[in-house]
Amino acid sequence: MMMDCEPRPQQVGEILVQVQEDLHHLKEKLLAQGDGKEVDLAQLQNAISKTEDGIRKRTEIVLNQINRQVITLPSLEAQQQQYHQRTHENPPVTMESTFDLKAGMGLKKPTSYDTRNVPLSLGLNRVPSKQQQSIQMTGLTPGQMARHLWSIRAIGNPQNVCNRQVLNDQYGIQLPLLPQKTQSKHSQKVVLGTTVEPLTVLPKANRVDNQLEPPPISEEDARRGILSLLERGLIPPASELTLDPSPVGHKLVKLHEPQEKEFNRFKPITDMANNLAGVKLDVSSRPGQKEDYGDIVRIPVVPPRLTPTPETRAMSGRTNCSSKTAKTSATLKTFDMPLQPVISLPCLPEIKQPPPTTPAVDDDCKSAAHRFAIQHGRTRDEAADFLAFKQHYCLTWGSIVTMIKYLERMLSNYAVPVAFVNGDRLADLALEFELENAPEIDNLLTVILNREDVEAMIRKPGRRFKGTNGVSLAAARIQSTWRKYVARKQYLEYRKKKWAAGVIAISWIMSIKMAKVRKQLKITRADQLEAFKSRTKKLSASWDRIKNSRRVIIHIPSLGLNQSIRDSINDFNVRQNTQMSRLCDIKDPNVDVIFISPVPMNDETLQYYNKLIGLKTAIDSGNVDDQSDLSDRYRIIVPEAIKSFPAHRMCLSTILKYSPRTLKRVKNLIRGRDAYIVTGAPHKDDLYLSDHLDVPLLSPEPDIAHLYSTKSGSKRIFSSAKADMPPSEYDVYSLQQLEECLAQLVTENLLVHRWLFKLDNEFDGRGIAYCDIAAHLRCYKWALKESRRYGEKWNKKWAQEAAYIKIHAEIPAILKTFAKPVNDKLFPSWEKFLEAFLGQGGVIEACPPAESMTAISVDMLIEPNGEITMVCCGDQIHAETPFACWGVSVPQASVEPDILNDTCKRIGMACKSRGVMGYFSVDFVTFIDSQTMEQKLWAIDLSLMYSDSLAMFRLMEFVSQGVLNTKTHVFDVPTPKETKPKKKRILEGMCEEPPKNTNRYGVMSARLLHTNLAVVHYSVYFQMCRAHGIGFDIQEKQGTVFTLVDSFNREKLGMLTLGDNLQGALATFARNMSVIHQEISAPNMQGTTNFKDAIEDIEGILGTTVQNAEDIENKLKLDPKDERRSDSTTRSLSADCQ
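Residues numbered from 1 in each chain as written. Predicted model: local features only at pLDDT ≥ 70, side-chain atom pairs only at ≥ 80, totals over all residues. Heavy atoms only, no water.

A.B. asks: I keep staring at the environment of Ser-540 and nothing clicks. Help me out?
C.D. replies: Among the structural elements, Ser-540 can be located in helix 16 (residues 470–541). Taking relative accessible area as the criterion, Ser-540 reaches 24% and is therefore assigned partly exposed. On a C-alpha basis, the gap between Ser-540 and Pro-864 in space is 4.5 Å, while along the polypeptide they are 324 residues apart. Among all residues touching Ser-540, those that are not within four sequence positions of it are Pro-864 and Asn-865. (Helix = DSSP H or I, 4+ residues; strand = E, 2+ residues; numbered from the N terminus. Buried < 20%, exposed > 50% of the residue type's maximum accessible area, 1.4 Å probe, protein only. Contact = heavy atoms within 4.5 Å.)

Right, dumping it as structure tokens:
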């Protein structure tokens, strides 16, 4: 099939043309045999093999002849003469005239060749020319030209690894073999110690003192580099380094107009005669020499073959992968280098060259040959560079075509004018995504050479709408955005309604559930209340037996106040624990005590109370050594839920309710025994505890207790008991009612200068405000004249009408300006107090119109069988405020016992008639009326709870074995026992020794506060007291006893002093506080305390008692029968009513 040809290089092109013709004939023959005839496969295989062998042999012969050619350059003069002769005959062939193999069978063999271009010999760098004109030569293909240039560079570089091989292959020069240094084999033996010389480091002195001059830097250290010097400390880290000369050079850049931009498009060189067309022969000009290059064609300079390095290999790997941030290889940047001019040499002789042949594909020029352009979304498939790329990758062309379609679609969609594609990268990307999903935009951008420009266009907002179907896409986008907006708006509205419906549904469900819970809780409360009434009846029936037999008293000192009041009390649990002296109920040998503590107890506190309770036998016998362990008769239990609710100020009953283990323990302790609960301020959870433990409560119903413990409720009790009360109005809930009632009270009682305003639900003197109305009333003198003018008729409404109108007009301004709350921490201003007053209601009450007055506290008990008894009574001591009871002195000595007993009995009967049972306290105030000069006793407050003064009185009874005579209000102790009575001779004229005084007076308080006590442990504190003689005499039943309230902070405690007279007990109490304050305080650390205020009040009381004692002695000398009457005036405390 293939014709024989002579082994000449000029016939290679003819061979290729003949091969195409043979293949065409073979195709026609196969098509002709396709009509039902079998194809001879052996003959077809034979023809193809014969053709391949012929082409391979002819190619090897041609290449061998070309490589063995040695061409010399003719003289320049001869070349110039021949050039002038040829220029008139045939013009030179340019680089763009290539040998096209795609023209088909109609391509004719060229009849003449332009052999005016000759290859340059080695070492030729510059060929001088008179006219410096460019010559375009045909000849070598770009691949052969690149290989030839690579050979020249390898020969010119002795360090090139191919230098020796190229000289030997091309010119037969055998260079001597230089011995290379062989690396010594590494020894397998482990070498110990350092293998490098130590580097210089910053001396220790310079590291310690930065101000010392740094050591000099040697040349060896300097060669290590700046980073090494910084790491070793030879250069301070904060030094500012300047490189001289700077590695960055600055140069002005010329800005070109956009119109000057030109696109140079080049086609690959396939003509074998143009082998040296890309070599720049001479680009420099001598001074004064005019340059004229004529026709210059710029071609890209082919980069040298680079030795692959780890960096280039890594870059190549990243290029071939489908990463999002593929970068262009360094070799591809050579296309951006300026094209070199080619100089025409007219003097070169005409040398015949072989016809153009198919260039051999070389890896060195691979990046330059496989480059094509996509313009306006369409590939230039007719361009020679694209055809060469297609021919090279013909075996994998299917996947490449798919990838090109992706590229065209992307560039067309984004209206990219032109993009230059790296064919090799495109082929790699096509192989990667051949069986995978479609590539993304970032993957496609990796194959584009001008990626920066293309990516900038693609990333520009709105660019997509300038491409194919941009108007339709824009319209679709607008429509979709509008539909999205409408749908989003509807969805938000729907979600809002759905959320509202959900909230309503949840609220409704919760309200239904809460209603069910409330209903169930109401039923449970009703059942518990019925059980409470049932147990109370049983307790009433068996009380006479229980109080004289063995029993267990469960003390729960809970303050079941309103939640708002509990939240406003600091250290609420410590405030509940002020009644630790309830343990002294074991004075009765038939009583065992279970005390529920609202605060944790440490070992030191438990040891103190164990020792205090153990003194009972010693107190009974009068011998200190007779102490016993009574720990089996009392228990101090702390509920496990004490620390479970740190943010909720729950009362002790509620905490015990959520302590199942404590309830189980208490239930086991009282199993099979008579027991009852004594609580503090009653709470609804007390009913739950009573029902759970199945024991009765010695207290009234919680609702009844809360009702009559308010200021308005107590007024109802006092009114029904017909007890004397100050002029007052209760159940005031509006501002108009407040102003009208106050104006009426002021009009009726013009002699009262100060009026008090009390909140219903507050306690302990917290919710009180006062205002001196008479001092700021402008019509006060006129009203007094009117009252004197009317005389006894002033009580009539018609007589008071004129004064009432004037006083009522002035009341609002006076209250707003001069009314003042007592507790400014809880109510900073009158407006805050008024808001609370109108919110919960209150009373308006007159302050006693006297300069000196005494407040009295009486604790009473209504037993389950209905018997009313007075437990204790005492005169109040005030410290922080004159309206709050800080302590008491027992027994009271301010009022006649008969008057006080009668009033208390009537109040007790009124409470009993309303279902009150258990312990309660009544507060009175007594003073001398300035008009009648008679002593008056007003009932001012009622608290249906177990008070602190009662708990301290239990301690007084325990340590003294004394008994309070409720009829005479005298506290007597048993006469101390004498082991050996002394016999004394009674001489004539001598009186018998008077009997020992068995009367005792106690001064007690459970609210001593001093923040400096926190720095002193209890053991040190008791040693300090012992050193100053602060203690208790068991035989004489006199001295001081403490109660420990707070085990951890130790800032609060209680104190009781006993003496044989009131002045002595008060003086001892004041002295103890003064000594403690001096011992635990310093001039610069006084701390927060109420000792000073209490001491001042006690000193005032002592001064009054001394004066009253002198008056009593004088009266007794005049009238010995008036002893008891004078005793009622022994004290007059500077305090106010509560």
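A.B. asks: Looking at this structure, I do not really get the confidence of the model for the protein chain. What am I missing?
C.D. replies: For any part of a model where pLDDT is low, the fine detail of the predicted coordinates should not be relied upon. Residues at a pLDDT of 70 or more form 74% of the protein chain, whose mean pLDDT is 78. Note that residues 87–138 has pLDDT below 50 and, in this model, 130 contacts with residues that lie over four places away or in other chains. Within the model, pLDDT remains below 50 along residues 262–368, and this stretch shows 261 contacts once partners closer than five positions in the same chain are excluded. (pLDDT = per-residue confidence, 0-100.)

A.B. asks: Looking at this model, I keep getting lost on helix 15 (residues 451–459). Mind explaining?
C.D. replies: Each α-helix winds once per 3.6 residues, and so residues spaced three or four apart point in a common direction. Turning to helix 15, its buried residues are Arg-451, Val-454 and Ile-458. Projection of helix 15 onto a plane perpendicular to its axis shows the buried side chains occupying an angular sector of 70 degrees, all on one side. Looking at the buried residues of helix 15, the elements they touch are helix 12 (397–413), strand 3 (418–422) and helix 14 (441–445). (Arc of directions from axis to C-beta.)

A.B. asks: Please clarify how the pattern of salt bridges should be interpreted in this entry.
C.D. replies: Pairing is possible between side chains that carry opposite charge, provided their charged atoms lie close to one another. Counting across every chain of the model gives 32 salt bridges. Linking Glu-701 and Lys-533 is a salt bridge whose minimum nitrogen-to-oxygen distance equals 3.9 Å. Of this pair, Glu-701 sits in the loop between helix 24 (684–693) and helix 25 (702–709) while Lys-533 sits in helix 16, and the two are 168 residues apart along the sequence. With relative accessibility at 17%, the residue Glu-701 sits in the buried group. Between Arg-551 and Asp-588 there is a salt bridge; the shortest N-O distance is 3.1 Å. Taken together, the residues span a long stretch of sequence, with Arg-551 in strand 4 (residues 551–559) and Asp-588 in the loop between helix 19 (572–576) and strand 5 (591–596) at a distance of 37 residues. One salt-bridge network, in which partners are shared between bridges, spans Asp-442, Arg-451, Glu-455 and Arg-459. (Salt bridge = Lys/Arg side-chain N within 4 Å of Asp/Glu carboxyl O.)

A.B. asks: How do you make sense of the sheet that holds strand 3 when you look at a structure like this?
C.D. replies: Two pairing modes exist for strands in a sheet, parallel and antiparallel, and in both the strands are linked by backbone hydrogen bonds. The sheet built from three strands is open, its strands ordered 2-1-3 with antiparallel pairing. In the strand order of this sheet, the two ends are held by strand 2 (378–379) and strand 3, each with one partner. In terms of strand pairing, strand 1 (residues 371–375) meets strand 2 through two bridges, oriented antiparallel. Residue pairing in the sheet places Ile-374 in a bridge with Thr-379 of strand 2. Along the sheet, helix 13 (residues 423–432) makes contact with strand 1 and strand 3, crossing strand 3 at roughly 70 degrees. (Pairing = 2+ DSSP bridges. Axes fitted to C-alpha atoms, helices over the stretch in contact; angles between N-to-C directions.)

A.B. asks: What am I meant to see in the pairing of strand 22 (residues 1038–1044) here?
C.D. replies: Two faces belong to every sheet, and in a regular strand the side chains alternate between them. Within strand 22, six of the seven residues are buried, which leaves the element mostly enclosed by the surrounding structure. As defined by bridge partners, strand 21 (residues 1032–1033) adjoins strand 22 across two bridges and the pair is classed as antiparallel. Note on strand 22: the bridge partner recorded for Asp-1033 is Gln-1038. Relative to strand 23 (residues 1052–1059), strand 22 is paired through six bridges, and the arrangement is antiparallel. What sits directly across from Phe-1042, in strand 23, is Met-1055.

A.B. asks: Sorry, what's going on with a negative patch on the surface here?
C.D. replies: On the surface, Glu-880, Asp-1093, Glu-1096 and Glu-1099 cluster together to form a negatively charged patch. Note that Glu-1096 resides in helix 36 (residues 1091–1118). (Patch = residues over 30% accessible without salt bridge, like charges linked within 9 Å, V, L, I, M, F, W, Y side chains within 5 Å. Areas by Shrake-Rupley, 256 points an atom, 1.4 Å probe, with all protein chains shown as cover. Lys, Arg positive; Asp, Glu negative; His and termini not counted. Charge placed at Lys NZ, Arg CZ, Asp CG, Glu CD.)

A.B. asks: Can you help me understand the pairing of strand 20 (residues 1001–1009) in this one?
C.D. replies: Most of strand 20 is tucked away, with seven of its nine residues classed as buried. Of the pairings in the sheet, the one linking strand 15 (residues 887–890) to strand 20 comprises three bridges and is antiparallel in character. Opposite Val-888, over in strand 20, you have Met-1004 as the bridge partner. As judged from the seven bridges shared by strand 20 and strand 23, these two strands associate in the antiparallel manner. Considered in strand 23, the bridge of Leu-1009 is made with Lys-1052.

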